[in-house]
Amino acid sequence: MDQCRHTLEQHNWNIEAAVQDRLNEQEGVPSVFNPPPSRPLQVNTADHRIYSYVVSRPQPRALNDAKRELRFLLVYLHGDDHQDSDEFCRNTLCAPEVISLINTRMLFWACSTNKPEGYRVSQALRENTYPFLAMIMLKDRRMTVVGRLEGLIQPDDLINQLTFIMDANQTYLVSERLEREERNQTQVLRQQQDEAYLASLRADQEKERKKREERERKRLKEEEVQQQKLAEERRRQNLQEEKERKLECLPPEPSPDDPESVK
């Protein structure tokens with residue numbers, strides 16, 4: 001229990017994230033909360049800039065975020081040994097206009113294929129070459145790859161293709177958003193109806209309780225009256241019996257002409 005509590009506290013009590021992280025650890029994927037030290041990807045450029053591709057959250061978590069928020073998810077798989085990877089990162093992926101598009105219109109997840117998490121995603125997406133980008137979204141109630149970009153590409157072309165993919169599939173997100181709102185409204189309405197039903201049920205139960213109490217009060221009152229009647233009847237009967245017993249004890253009356261009698 002202490003270990004479970006510690007794991008949940010690490011994940012802010014998010015059960016789904018905690019379970020997924022534990023499963024990743026069993027598969028050999030390092031925990032995002034205790035990441036092992038790794039050497040960042042270094043790009044040999046004139047200004048000696050260093051680019052690091054760090055998994056800020058596991059890929060299943062990113063998928064769940066995109067599904068929950070109804071947003072596009074752009075996945076970038078970095079081939080460390082490919083000849084075009086450094087140029088793509090330096091000139092395309094880090095272009096200000098590309099960064100602005102990614103930050104404003106989608107979620108972004110990136111990882112090297114040399115890392116366990118990146119390798120697992122690579123096995124699922126089956127890319128042919130690098131650099132590799134995949135656009136994923138909720139479509140027909142399942143997370144679906146709706147666009148794949150492979151090979152070196154310039155910033156303007158990347159922006160155009162990403163924009164085209166998003167525009168072509170935006171209706172699915174709008175439709176899903178409307179369905180979700182309708183489901184939420186239906187759920188709220190059902191909840192309100194349930195609350196109204198429960199309130200009506202409690203009111204009916206309260207009325208029935210009061211009726212039972214009133215019937216019980218009347219029954220007790222009637223029993224009390226009946227007991228009083230019986231007690232009065234017994235008192236009269238006892239009095240009559242006492243009179244009869246005393247009457248039997250009286251001697252006979254003297255005759256009217258008895259000189260010892262008085263009237």
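What counts, and where the lines are drawn
- Residues numbered from 1 in each chain as written.
- Predicted model: local features only at pLDDT ≥ 70, side-chain atom pairs only at ≥ 80, totals over all residues.
- Heavy atoms only, no water.
- Core = buried A, V, L, I, M, F, W, Y, C linked by side-chain atoms within 4.5 Å.
- Buried < 20%, exposed > 50% of the residue type's maximum accessible area, 1.4 Å probe, protein only.
- Helix = DSSP H or I, 4+ residues; strand = E, 2+ residues; numbered from the N terminus.
- Contact = heavy atoms within 4.5 Å.
- Pairing = 2+ DSSP bridges.
- Salt bridge = Lys/Arg side-chain N within 4 Å of Asp/Glu carboxyl O.
- Arc of directions from axis to C-beta.
- Patch = residues over 30% accessible without salt bridge, like charges linked within 9 Å, V, L, I, M, F, W, Y side chains within 5 Å.
- Areas by Shrake-Rupley, 256 points an atom, 1.4 Å probe, with all protein chains shown as cover.
- pLDDT = per-residue confidence, 0-100.

Trainee: Can you help me understand the nonpolar core in this one?
Mentor: A general feature of soluble globular proteins is that nonpolar side chains tend to end up buried together. In this structure, Met106, Met135 and Leu162 are the most contacted members of the largest nonpolar core, which totals 23 residues. Contributions of two or more residues to this core are made by strand E1 (72-78), helix H4 (85-93), helix H5 (96-105), strand E2 (106-112), strand E3 (132-139) and helix H7 (155-249). Broken down by element, the residue count for this core peaks at 6 residues, all from H7. Contacts of Leu162, omitting those with residues within four sequence positions, involve Leu74, Leu101, Met106, Met135 and Leu149.

Trainee: Help me understand unusual backbone geometry, please; the structure alone is not making it clear to me.
Mentor: The omega torsion of the bond from Tyr130 to Pro131 falls at -5°, within 30 degrees of zero and hence cis. Here Pro131 lies in the loop between helix H6 (116-125) and E3. Although it is not a glycine, Leu70 sits at a positive phi angle of roughly 55°. Along the chain, Leu70 turns up in the loop between helix H3 (59-69) and E1. Relative accessible area serves as the criterion here: at 5%, Leu70 is assigned to the buried category. Backbone geometry places Arg141, a non-glycine residue, at a positive phi of 65°. Among the structural elements, Arg141 can be located in the loop between E3 and strand E4 (142-150). For Arg141, a relative accessible area of 59% puts it in the exposed group.

Trainee: Teacher, can you tell me more about the pairing of E2 here?
Mentor: Along a regular strand, successive side chains alternate from one face of the sheet to the other. Within E2, 6 of the 7 residues are buried, leaving the element largely enclosed by the surrounding structure. By the bridge criterion, 7 bridges tie E1 to E2 in an arrangement that is parallel. Residue Val75 lies in a different strand from E2, and its bridge partner there is Trp109.

Trainee: I keep staring at the pattern of salt bridges and nothing clicks. Help me out?
Mentor: Side-chain pairs of opposite charge can arise whenever the charged atoms involved come near each other. Evaluation of the coordinates by the stated rule reveals 19 salt bridges. Among the salt bridges present, the one from Arg68 reaches Asp65, with a minimum N-O distance of 3.0 Å. Placement of the pair is Arg68 and Asp65 together in helix H3, with a separation of 3 residues, close to one helical turn. For Asp65, a relative accessible area of 4% puts it in the buried group. Ionic pairing is found between Arg236 and Glu232, a salt bridge with its closest N-O pair at 3.2 Å. Taken together, the positions of Arg236 and Glu232, both in helix H7 and 4 residues apart, correspond to about one turn of that helix. Taking relative accessible area as the criterion, Arg236 reaches 52% and is therefore assigned exposed. Taken together, the salt bridges that share partners define one network made up of Asp65, Arg68, Glu69 and Arg71.

Trainee: How should H4 be read in this particular structure?
Mentor: Because an α-helix packs 3.6 residues into every turn, residues spaced three or four apart end up facing the same way. Among the residues making up H4, those that are buried are Ser85, Phe88, Cys89, Thr92 and Leu93. End-on, the buried residues of H4 take up no more than an arc of 115°, which puts them together on one face. On its buried side, H4 packs onto E1, H5, E2, E3 and H7.

Trainee: How do you make sense of a nonpolar patch on the surface when you look at a structure like this?
Mentor: Together, Ile15, Val19 and Leu23 line one region of the surface with nonpolar side chains, adding up to about 270 Å² of accessible area. Along the chain, Val19 falls in helix H2 (residues 15-26). For Val19, a relative accessible area of 45% corresponds to the partly exposed category.

Trainee: In this structure, what is going on with the confidence of the model for the protein? I would like to understand it.
Mentor: Detailed reading of the predicted coordinates is not advisable wherever pLDDT falls low. Summarising the model, the protein shows a mean pLDDT of 84, and 87% of its residues fall at 70 or more. Per-residue pLDDT, averaged within each element of the protein, yields its smallest value for H2 (75) and its largest for E1 (94). In this model, residues 34-56 is a region of pLDDT below 50 whose contacts with residues beyond four sequence positions or in other chains number 35 contacts.

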